[in-house]
Amino acid sequence: MITPPDRTPLPRDFFDRPVLEVAPDLLGRLLIRSTPDGPIALRLTEVEAYDGPNDPGSHAYRGRTARNDVMFGPPGHVYVYFTYGMWHCMNLVCGPEGTASGVLLRAGEIVEGAELARERRLSARNDKELAKGPARLATALDVDRALDGTDACTLQDTPLRILAGTPVPSEQVRSGPRTGVAGDGGVHPWRFWVADDPTVSPYRAHVPRRRSR
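Please read these numbers as outputs of a predicted model, since none were measured by experiment. (Residues numbered from 1 in each chain as written. Predicted model: local features only at pLDDT ≥ 70, side-chain atom pairs only at ≥ 80, totals over all residues. Heavy atoms only, no water.)

Moving on, we get to the overall build of the protein. For the protein, the count of helices and strands is 4 helices and 8 strands. What you see in the protein, going N to C, is helices and strands ordered as α-α-β-β-β-β-β-α-α-β-β-β. Its C-alpha atoms give the protein a radius of gyration of 16 Å, near enough to 17 Å, the size a compact globule of 213 residues would have. In terms of overall dimensions, the protein has a C-alpha envelope of 55 × 40 × 35 Å along the principal axes. Taking all 213 residues of the protein together, 51% fall into the buried category. Surface summary for the protein: the accessible area is close to 10900 Å², and the carbon and sulfur share equals 51%. (Helix = DSSP H or I, 4+ residues; strand = E, 2+ residues; numbered from the N terminus. Rg over C-alpha atoms; globule rule 2.2 N^0.38 Å. Buried < 20%, exposed > 50% of the residue type's maximum accessible area, 1.4 Å probe, protein only. Areas by Shrake-Rupley, 256 points an atom, 1.4 Å probe, with all protein chains shown as cover.)

What follows is the structure, encoded as structure tokens:
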């Protein structure tokens, strides 16, 4: 059986590059989530780059911890974190092993298995909203910390795989500030998305959280 070009797994050296090269190149790629009920396929439409020790917005800015250990390599693995005590978000690790850069998967279009995603995203008003935002994306694909460290480049059976898909032409790629990032990290135009795609999430600037008295 011949594998269609868009279903070819991305090789590990795709991710063994600077994160600002990898991030826009992920647009249009396919993320496959294998579940006991069947696969869900998502076409990536929005991502954000995080450059480890060079980036105040990165979880790895202050060094290695138990939480961010996967970010230090090898490339092509999945980094999942829990945020606000409610949501999971997923990233793909980039750069050579020992560094700590990664790409946050912010949004995508469910192109297969939408019925499975709908079961997990009951509040979505339509299919364009199933994975419109990083927490929604992880929820739609049933991704949690149990999948932290998953190798998304292996040819073996794995719950998450990243395939070639159809890369987005450069003239259709837009960039701007990352969503909700504060301080010095908030100025970087390291959010990349597909122009005019309805699954891309709206930009929101960082709003400081008020402490309860």
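So, on to the packing of aromatic side chains. For the structure shown, the criterion picks out 2 aromatic pairs. Ring geometry for Phe 14 versus Phe 15: centroids 5.0 Å apart, planes at 75 degrees, classification edge-to-face. Both residues of the pair, Phe 14 and Phe 15, count as buried. When the centroid spacing of 5.7 Å and the interplanar angle of 35 degrees are considered together, the rings of Tyr 79 and Tyr 81 count as tilted. Over the ring of Phe 14 we find Arg 17; its NZ or CZ atom is 4.6 Å from the centre of that ring. Of note, Arg 178 hangs over the ring of Tyr 50, and the distance from its end group to the ring centre comes to 4.3 Å. (Phe/Tyr/Trp six-rings, centres within 6.5 Å; stacked < 30°, edge-to-face > 60°. Lys NZ or Arg CZ within 6 Å of the ring centre and 35° of its normal.)

Our focus in this paragraph is the environment of Thr 45. With respect to the secondary-structure elements, Thr 45 resides in strand E2 (residues 38–51). Separated by 149 residues in the primary sequence, Thr 45 and Val 194 place their C-alpha atoms 5.4 Å from one another. Residues within four places of Thr 45 in sequence aside, it is in contact with Leu 27, Ala 107, Gly 108, Glu 109, Phe 192, Trp 193, Val 194, Asp 197, Thr 199 and Val 200. (Contact = heavy atoms within 4.5 Å.)

All chains considered together, the criterion is met by 16 salt bridges. With a shortest N-O distance of 2.2 Å, Glu 112 and Arg 7 are connected by a salt bridge. Of this pair, Glu 112 sits in strand E5 (residues 101–112) while Arg 7 sits in the segment before helix H1 (12–15), placing them 105 residues apart in sequence. What makes Glu 112 partly exposed here is its relative accessible area of 33%. Across the salt bridge formed by Arg 145 and Asp 148, the nearest N and O atoms sit 3.3 Å from each other. (Salt bridge = Lys/Arg side-chain N within 4 Å of Asp/Glu carboxyl O.)

Time to look at unusual backbone geometry. Backbone torsion omega between Gly 73 and Pro 74 reads 0 degrees, so that peptide bond is classified as cis. As for its placement among the helices and strands, Pro 74 is situated in the loop between E2 and strand E3 (78–83). Even without being glycine, Asp 142 reaches a positive phi, approximately 55 degrees. Look at Asp 196: it is not a glycine, yet its phi comes out positive at around 65 degrees. Considering the arrangement of structural elements, one finds Asp 196 in the segment after strand E8 (191–194).

Within the fold, Thr 158 resides in the loop between helix H4 (134–140) and strand E6 (160–163). The exposure class of Thr 158 is buried, given its relative accessible area of 12%. In this structure the side chain of Thr 158 is engaged in a polar contact, spanning 3.4 Å, whose partner is the backbone oxygen of Asp 151. (Polar contact = N/O pair within 3.5 Å; in protein donor to acceptor, adjacent residues only side chain to side chain.)

Another point: the nonpolar core. Membership of the largest hydrophobic core comes to 44 residues, with the highest contact counts inside it found for Phe 15, Leu 26, Met 90, Val 103, Leu 105, Ile 110 and Ile 162. In terms of residue count, the dominant contributor to this core is E2 (5 residues). Discounting chain neighbours no more than four positions away, the residues touching Ile 110 are Ile 40, Ala 41, Leu 42, Ala 117, Leu 130, Ala 131 and Leu 141. (Core = buried A, V, L, I, M, F, W, Y, C linked by side-chain atoms within 4.5 Å.)

Let us now look at a nonpolar patch on the surface. Together, Tyr 84, Met 86 and Trp 87 give the surface a local cluster of nonpolar side chains, amounting to about 380 Å² of exposed area. Inspection of the secondary structure puts Tyr 84 in the loop between E3 and strand E4 (87–94). When its relative accessible area of 57% is taken as the criterion, Tyr 84 is described as exposed. (Patch = residues over 30% accessible without salt bridge, like charges linked within 9 Å, V, L, I, M, F, W, Y side chains within 5 Å.)

It is worth spelling out the state of the cysteines at this point. Defined simply, a disulfide is a covalent bond joining two cysteines at their sulfur atoms. Taken as a whole and assessed by the stated rule, the structure comprises 0 disulfides. Among the cysteines around Cys 94, which has no disulfide bond, Cys 153 carries the closest sulfur, lying 9.8 Å off. (Disulfide = S-S within 2.5 Å.)

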